[in-house]
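If you want the building blocks of each chain, they are given just below.
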Amino acid sequence: MSEKYDYRTAQVEGEEYKFANAFARPFVLEGFPWKAADGPIRRLPESISEEETNAGIMHHAQQSSGGAVRFRTDSGRIAVKAFLYNVDHMSNTDYVTSAGFDLYRGRNPTAIHVGTAVPVPGKFEVECRITASGQPGKMYDWTLNLPNYGNVSSLEIGFAPEAAVEPPVPHTAKPVLFYGSSITQGASASRPGLSYSARLCRALDAEQINLGFSGSARGEPAIAKLIASLDLSAFVMDYDHNAPTPEHLLNTHEPFFRIIREAKPELPVIMLSRPDFWSYDPGSDTHVLCVRRRSAVRATYERAISAGDRHVYFVDGESLFGEEDRCECSVDGCHPNDLGFQRMYKTVLPVLRRALQGN
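Please read these numbers as outputs of a predicted model, since none were measured by experiment. Every residue gets a number counted from 1 within its own chain, in the order that chain's sequence is written. Owing to the predicted nature of the model, reporting of local features is limited to residues with pLDDT of at least 70; listing and counting of side-chain atom pairs is limited to 80 or more, with chain, interface and lining totals taken over all residues. Computation of side-chain values: all heavy atoms of the structure, hydrogens and water removed.

S.K.: When you look at the pattern of salt bridges in this model, what are you seeing that I'm missing?
M.R.: Two side chains carrying opposite charge are able to pair once their charged atoms lie near each other. Any carboxyl oxygen of Asp or Glu that lies within 4 Å of a side-chain nitrogen of Lys or Arg is treated as forming a salt bridge with it. Applying the stated criterion across every chain, the model contains 17 salt bridges. Put simply, Glu 15, Arg 77 and Arg 129 are held in one network by salt bridges that share partners.

Structure follows, in structure tokens:
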């Protein structure tokens, strides 16, 4: 089947590869439901404006968090050539998750991580052999996760010259969409595939649509309307952290939910409160703030349940990091490290499974 597609020959690390544009067939690009066929990588439609959202959303919408390229090949080696026209390298986030690509081999939910394209800090070009772990001549499904904070303008994937390349096997579930803060966008996982949203979508064999916007998700109705336009298996509503005050959260959370619920009366909606719920000093200003924010999120859930909604779920942020060694779950007291994201994934997964089963 590979002879149907366009390739160019190039060398990487002394080996010859045939490279193809990863944004064209036979590859499947995921995570960008509003991307025009020949348009740039964007997580929101180009028609949405700053007046409807805010400057932060417009900036982060150009980043590729949650994006992935899927394909099948029997190549025993794979290489990546990419150009990122911008990278947000935050002090609390590893450069690999900001600008790197990680590769998984196999069908979900049992796909395994086999390699990472590690960028050079300060450079916007990524070129490297990413894996040699595939058995030559055996056809596998592969998923290449895109950077969480990089603006990807081009991406080519290279294969051994004799290899076959085919479209991937379709997912078994419809996409899961996540809306929220920098935590939702993937800060501070050590690589893109370790965010809680990426892990959940691998477990469910679903496309991830990530609308995490660092510091900028504030419950704007325009975003809710966009979410309501999509055909999803579930929606995870996780913007507690970006609401500037508990009052803002209380005033926007239920209207945001109602826009989606009116358009999608049976869509499972999972509401999360912030994971860094500090309970060490009950009665302190920080503890009281966490309680007020959690109460605002929970109020939307309880009113929906009282109205007869059987497709809404609440996950208490205080439970997301678990009870043991909570202080080891973040890099800065806020953003989860890999342990924190693992615990979030483990806590949310059974709720999400139950939601998809209608229980």
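Additional details are given in the paragraphs that follow.
S.K.: Got a minute to help me understand the nonpolar core in this structure?
M.R.: Buried together is how nonpolar side chains tend to be arranged in soluble globular proteins. Core analysis: the largest hydrophobic core is formed by 36 residues, its most contacted members being Leu 44, Tyr 179, Ile 223, Ile 227 and Phe 235. Helix and strand definitions here come from DSSP, where helices need a minimum of 4 consecutive H or I residues and strands a minimum of 2 consecutive E residues; each element is numbered from the N-terminal end. The element best represented in this core is helix 5 (residues 221–228), accounting for 6 residues. Think of a nonpolar core as a cluster: buried Ala, Val, Leu, Ile, Met, Phe, Trp, Tyr and Cys residues, connected wherever their side-chain atoms sit within 4.5 Å. For each residue, the accessible area found with a 1.4 Å probe, counting protein chains only, is set against the maximum for its type, and the residue is called buried under 20%, exposed over 50%, and partly exposed in between. Core analysis: the next-biggest nonpolar cluster, separate from the first, contains 31 residues, Val 69, Leu 103, Val 126 and Phe 159 among them.

S.K.: I keep staring at the environment of Asp 332 and nothing clicks. Help me out?
M.R.: Looking at the element boundaries, Asp 332 is found in the loop between strand 16 (312–315) and helix 8 (338–356). Sequence spacing of Asp 332 and Tyr 104 is 228 residues, and the spatial spacing of their C-alpha atoms is 28 Å. At 2.9 Å, the side chain of Asp 332 and the backbone nitrogen of Cys 334 are in polar contact. For Asp 332, the side chain forms a polar contact with the main-chain nitrogen of His 335, separated by 2.7 Å. Counted as a polar contact is a pair of N or O atoms within 3.5 Å, where, for protein atoms, one must be capable of donating a hydrogen and the other of accepting one, and residues adjacent in sequence contribute only when both atoms are in side chains.

S.K.: Could you clarify how one ought to interpret the sheet that holds strand 15 (residues 269–272) in this entry?
M.R.: The strands making up a sheet associate through backbone hydrogen bonding, with each pair oriented either parallel or antiparallel. Any two strands are treated as partners once DSSP identifies two or more bridges connecting them. Across the sheet, which stays open at both edges, the 5 strands sit in the order 13-12-14-15-16 with parallel pairing between neighbours. The open sheet has two free edges, formed respectively by strand 13 (206–212) and strand 16, since each of these has just one partner strand. In this sheet, adjacent strand axes meet at a mean angle of 15° when their direction is disregarded. In the sheet, strand 12 (residues 173–180) pairs with strand 13 via 6 bridges, with the strands oriented parallel. Residue pairing for strand 13: Phe 178 is matched across the bridge by Asn 210. Helix-sheet contacts for helix 5 involve strand 12, strand 13 and strand 14 (234–238), and the interaxial angle to strand 12 is about 175°. Between two residues, a contact is recorded if the distance between any of their heavy atoms is within 4.5 Å. Convention adopted: a line fitted to C-alpha atoms gives each axis, helices being fitted over their contacting stretch, and angles between N-to-C directions are expressed from 0 to 180 degrees. Strand contacts of helix 8: strand 12, strand 14, strand 15 and strand 16, with the helix running at about 170° to strand 16, the strand carrying the most contacts.

S.K.: How should I be thinking about empty space enclosed by the protein in this particular structure?
M.R.: Picture a little ball the size of a water molecule; that probe, rolled over the atoms, points out where space is still empty. Cavity means a closed set of points on a 1 Å grid over the protein atoms alone, one where a 1.4 Å probe fits but cannot get out, pocket means an open set with protein on both sides within 12 Å along at least 5 of 7 lines, and lining means a residue has an atom within 4 Å of a point. Grid points are joined across faces, edges and corners, and a volume is the space filled by probe spheres set on the points. Under the definition given, this model contains 3 cavities of 30 Å³ or more. As for the largest cavity, its lining consists of 16 residues, and the residues nearest its centre are Ala 68, Thr 143, Asn 145, Arg 202 and Ala 206. Elements represented by at least two residues in the lining of the largest cavity include exactly strand 4 (68–73), strand 9 (140–145), helix 4 (196–204) and strand 13. In terms of residue class, the lining of the largest cavity is made up of 6 nonpolar, 6 polar and 4 charged. Looking at the second largest cavity, its volume works out to about 70 Å³. If you trace the second largest cavity, you find 15 residues lining it, with Gly 66, Asn 148, Pro 192, Ala 198 and Gln 208 closest to the centre. If you list the elements that add at least two residues to the lining of the second largest cavity, you get helix 3 (182–185), helix 4 and strand 13. Each residue receives one of three labels: charged for Asp, Glu, Lys and Arg, nonpolar for Ala, Val, Leu, Ile, Met, Phe, Trp, Tyr, Cys and Pro, and polar for the others, Gly being one of them. Looking at side-chain class alone, the lining of the second largest cavity contains 3 nonpolar, 12 polar and no charged residues.

S.K.: It is not clear to me how the side chain of Lys 81 should be interpreted in this structure. Could you clarify?
M.R.: Its place among the elements puts Lys 81 in strand 5 (residues 78–87). For Lys 81, a relative accessible area of 13% puts it in the buried group. Side-chain polar atoms of Lys 81 contact the side chain of Glu 127, separated by 2.7 Å.

S.K.: Can you walk me through unusual backbone geometry in this structure?
M.R.: Both trends apply: most residues other than glycine have a negative phi, and most peptide bonds are in trans. With omega at 10°, the peptide bond leading from Asn 108 into Pro 109 counts as cis. With omega at 10°, the peptide bond leading from Ala 187 into Ser 188 counts as cis. With respect to the element layout, Ser 188 can be found in the loop between helix 3 and helix 4. Phi at Asp 325 takes a positive value of approximately 55°, unusual for a residue other than glycine. For Asp 325, the location among the structural elements is in the loop between strand 16 and helix 8. The exposure class assigned to Asp 325 is partly exposed, which follows from its relative accessible area of 43%.

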